[in-house]
Amino acid sequence: LVDDAQPGDSLFVHYSGHGGQIPDDDGDEEDGKDECLIPQDYRSAGMIRDDDVVKMIVAPLPKGVRLTCVFDCCHSGTILDLPYMFTADEEGCQMIESGQATQLDANPGFNFDVAIQQITQAAQGLFAGNPQMMQLLNKVGGQGGVGNLLKGFM
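Participant: Residue-level account of the overall build of the chain, with values.
Facilitator: In terms of regular secondary structure, the chain is built from six helices and seven strands. Each helix (α) and strand (β) of the chain, taken in turn from the N terminus, gives the series β-β-β-α-β-α-β-β-α-β-α-α-α. Taking all 154 residues of the chain together, the buried fraction comes to 29%. A separation threshold of at least 6 residues defines the contact pool for the chain, and within that pool the share at least 24 residues apart is 52%.

Participant: I'd like to hear about the nonpolar core, residue by residue, with values.
Facilitator: With 14 residues, the main nonpolar core has Leu 11, Leu 37, Val 53, Ile 57, Leu 61, Phe 71 and Leu 80 as its most contacted residues. Every element with two or more residues in this core is listed here: β1 (10-16) and α2 (50-58). Among the elements that make up this core, the one with the highest residue count is β1 (three residues). Setting aside chain neighbours within four positions, we find Val 53 in contact with Leu 37, Ile 48, Val 58, Phe 71, Ile 79 and Leu 80.

Participant: Now, about the side chain of Arg 49: what can you tell me, with residues and values included?
Facilitator: With respect to the helices and strands, Arg 49 occurs in strand β4 (residues 48-49). At a separation of 3.0 Å, a polar atom in the side chain of Arg 49 contacts the main-chain carbonyl oxygen of Pro 23. If we skip the residues at most four places from it in the chain, Arg 49 touches Ile 22, Pro 23, Asp 24, Asp 25, Asp 34, Glu 35 and Cys 36.

Participant: Just give me the short version of α2, but keep the residues and values in it.
Facilitator: Buried within α2 are the following residues: Asp 50, Asp 51, Val 53, Val 54 and Ile 57. Buried residues of α2 fall within an arc of 165° about the axis and therefore sit on the same side.

Definitions and cut-offs
- Residues numbered from 1 in each chain as written.
- Predicted model: local features only at pLDDT ≥ 70, side-chain atom pairs only at ≥ 80, totals over all residues.
- Heavy atoms only, no water.
- Helix = DSSP H or I, 4+ residues; strand = E, 2+ residues; numbered from the N terminus.
- Buried < 20%, exposed > 50% of the residue type's maximum accessible area, 1.4 Å probe, protein only.
- Contact = heavy atoms within 4.5 Å.
- Core = buried A, V, L, I, M, F, W, Y, C linked by side-chain atoms within 4.5 Å.
- Polar contact = N/O pair within 3.5 Å; in protein donor to acceptor, adjacent residues only side chain to side chain.
- Arc of directions from axis to C-beta.

Structure, rendered in structure tokens:
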């Protein structure tokens, strides 16, 4: 889905199925639990952690790509680990209908440092075969590499 995405593309992801929570494996969740998707083949392939969803479909997207996701499952409110959130409960939907919803709420569980680490890992994986690009990313980002570069934009 994301491999050939170009600026101006619109992507859509829909998942209806089981969702759950499992113990956090990297310390990025305030509640100590990762949200996860539980696909039909989870017994053989495993559950899909929120961290992996971000690494697979959010972090690799180039600027200018619109991604719309609908997760119809339990514990899906923070499955993308995004800095802002909208809750489609009765109050949230009434605010949309009345035109009062002018901004998204901050996600109190979002951790920018972890997001930077995930984006850095994705960039390193993307450019691993290109030493010139890795050198440029490290030079521009200073000692912390692309992570420091990204912090400058936040």
